[in-house]
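What follows is each chain in one-letter form.
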Amino acid sequence: MSIHENLLGGPAPTHLPDDPEPRELLAAGTPPAEVAAKYPTSSLAWAQLADEAYEGGRVVESYAYARTGYHRGLDSLRRAGWKGHGPVPFEHEPNRGFLRALHALARAAGSIGETEEHERCTTFLRDSSPTAADILS
């Protein structure tokens, strides 16, 4: 038996490929709008834009940024073999942009009264990564 075999019978965790350039630019202080423009598939850049907008009281803008990051992340997950469910571990750093965008979408949806979407995204986050749900909440 392989030590990596999933004994619970569910899908294997999805690990997005590393894309260090956007992460490094953001860590160096490059504005997230510049990073998103240069790397539009980076969920991390969109999530950071969503966080900045939310913190600035621009909730609808935050919602739009988060939705973009969320959909870019879904595209990346599908390309990585994800079938619509299963673990997306927060411990794998390249997954964090998607998980942060998902959290930001849930937060903004709740703030504008999109209760159904807030609940769906909150559940999706917890199902994908309990660690992310705990850390980001």
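From a predicted model like this one, the values you see are computed outputs, not experimental measurements.

Some words on the packing of aromatic side chains
So, point 1. Taken as a whole and assessed by the stated rule, the structure comprises five aromatic pairs.
So, point 2. Between Tyr70 and Phe98, the aromatic rings sit 6.1 Å apart at their centres with planes inclined by 25°, giving stacked as the arrangement. Remark: Phe98 occurs in helix 5 (residues 96-111) and Tyr70 occurs in helix 4 (residues 59-79); sequence separation between them is 28 residues. By the burial criterion, Tyr70 is buried, and Phe98 matches it.
So, point 3. Ring geometry for Phe98 against Phe124: centres 5.9 Å apart, planes inclined by 65°, an arrangement best described as edge-to-face.

Focus: the confidence of the model for the chain
So, point 1. Per-residue confidence for the chain averages 94 on the pLDDT scale, and 94% of its residues sit at or above 70.
So, point 2. Throughout residues 1-5 the model reports pLDDT below 50, and contacts reaching past four residues in sequence, or to other chains, amount to one contact.

Things to note about the packing of helix 4 against helix 5
So, point 1. As a packed pair, helix 4 and helix 5 sit with axes 8 Å apart at the nearest point and diverge in direction by 145°. At the point where helix 4 passes helix 5, the crossing takes the left-handed sense. For the pair formed by helix 4 and helix 5, the contact residues are Val59, Ser62, Tyr63, Ala66, Arg67, Gly69, Tyr70, Gly73, Leu74 and Leu77 on the first element and Phe98, Ala101, Leu102, Ala104, Leu105, Arg107, Ala108, Ala109 and Ser111 on the second.
So, point 2. In terms of residue class, the contact of helix 4 with helix 5 is made up of 13 nonpolar, four polar and two charged.

Quick look at helix 3 (residues 43-55)
So, point 1. Over its 13 residues, helix 3 runs 18 Å from end to end, which matches the ideal 18 Å to within 8%, given 1.5 Å per residue.
So, point 2. Along helix 3, the positions that sit buried rather than exposed are Ser43, Leu44, Ala45, Trp46, Ala47, Leu49, Ala50, Asp51 and Ala53.
So, point 3. Those residues of helix 3 that are buried lie in contact with helix 1 (20-27), helix 2 (32-38), helix 4 and helix 5.
So, point 4. One or two positions beyond helix 3, positive phi appears at Gly57, with a value near 80°.

Quick notes on the packing of helix 4 against helix 6 (residues 115-128)
So, point 1. Running from N to C, helix 4 and helix 6 cross one another at 45°; their axes reach a closest spacing of 14 Å. When the interaxial angle is binned, helix 4 and helix 6 end up oblique. The crossing of helix 4 and helix 6 is left-handed. Residue-level inspection shows Tyr63, Arg67, Tyr70 and Leu74 of helix 4 in contact with helix 6, the latter providing Glu117, Arg120 and Phe124.
So, point 2. By residue class, the composition of the contact of helix 4 with helix 6 is four nonpolar, no polar and three charged.

Observations regarding helix 5
So, point 1. The end-to-end C-alpha distance of helix 5 is 22 Å, a good match for the 22 Å that 16 residues give at a rise of 1.5 Å each.
So, point 2. For helix 5, every residue scored as buried is listed here: Gly97, Phe98, Leu99, Ala101, Leu102, His103, Ala104, Leu105, Ala106, Ala108 and Ala109.
So, point 3. In this structure, the buried side of helix 5 is in contact with helix 3, helix 4, helix 6 and helix 7 (130-136).
So, point 4. Note on helix 5: the residue one or two positions beyond its end, Gly113, has a positive phi of about 85°.

Details of the side chain of Thr14
So, point 1. Locating Thr14 in the fold gives a position in the segment before helix 1.
So, point 2. On the basis of relative accessible area, Thr14 is assigned to the buried category, the value being 7%.
So, point 3. Thr14 has contacts with Leu77, Ala80, Trp82, Pro87, Val88, Pro89 and Asn95, leaving out every residue within four places of it along the chain.

Focus: the pattern of salt bridges
Two side chains carrying opposite charge are able to pair once their charged atoms lie near each other.
So, point 1. Summed over all chains, the structure comprises nine salt bridges.
So, point 2. Note that Asp51 and Arg100 form a salt bridge whose closest N and O atoms lie 2.8 Å from each other. Residue Asp51 is found in helix 3, and its partner Arg100 is found in helix 5; the two are separated by 49 residues along the sequence.
So, point 3. Assessed through its relative accessible area of 21%, Arg100 is described here as partly exposed.
So, point 4. Across the pair Arg120 and Glu117 runs a salt bridge, and its minimum N-O distance is 3.1 Å.

Quick notes on the rules
Per chain, the residues get numbers from 1 upward, laid out in the order the sequence is written. Note on the predicted model: pLDDT of at least 70 is required for a residue's local features to be given, and 80 or more for side-chain atom pairs to be given and counted; whole-chain, interface and lining totals, by contrast, use all residues. Only hydrogens and water are set aside; all other atoms, that is, all heavy atoms of the structure, feed into the side-chain values. Working definition: a ring pair exists when centres of Phe, Tyr or Trp rings (six-membered ring for Trp) sit within 6.5 Å. Plane angles under 30 degrees give stacked, over 60 give edge-to-face, the rest tilted. The helix and strand labels rest on DSSP assignments: H or I over at least four residues marks a helix, E over at least two residues marks a strand, and numbering proceeds from the N terminus. Burial classes: relative accessible area under 20% of the type maximum marks a residue as buried, over 50% as exposed, and values in between as partly exposed (1.4 Å probe, protein chains only). pLDDT runs from 0 to 100 and stands for how confident the predictor is about each residue. Contact between two residues is taken to exist if any of their heavy atoms lie within 4.5 Å; hydrogens are not considered. All axes are obtained by fitting lines to C-alpha atoms, using only the stretch in contact for helices, and the reported angles, taken between N-to-C directions, cover 0 to 180 degrees. What makes a crossing left-handed is the near helix being turned counterclockwise from the far one by less than a right angle; a clockwise turn instead makes it right-handed. Three classes are used: nonpolar for Ala, Val, Leu, Ile, Met, Phe, Trp, Tyr, Cys and Pro, charged for Asp, Glu, Lys and Arg, and polar for all others, with Gly counted as polar. Given the number of residues in a helix, its expected span is that number minus one, multiplied by 1.5 Å. Between 65 and 115 degrees an angle is taken as roughly perpendicular, under 35 as roughly parallel, over 145 as roughly antiparallel, and anywhere else as oblique. Any carboxyl oxygen of Asp or Glu that lies within 4 Å of a side-chain nitrogen of Lys or Arg is treated as forming a salt bridge with it.

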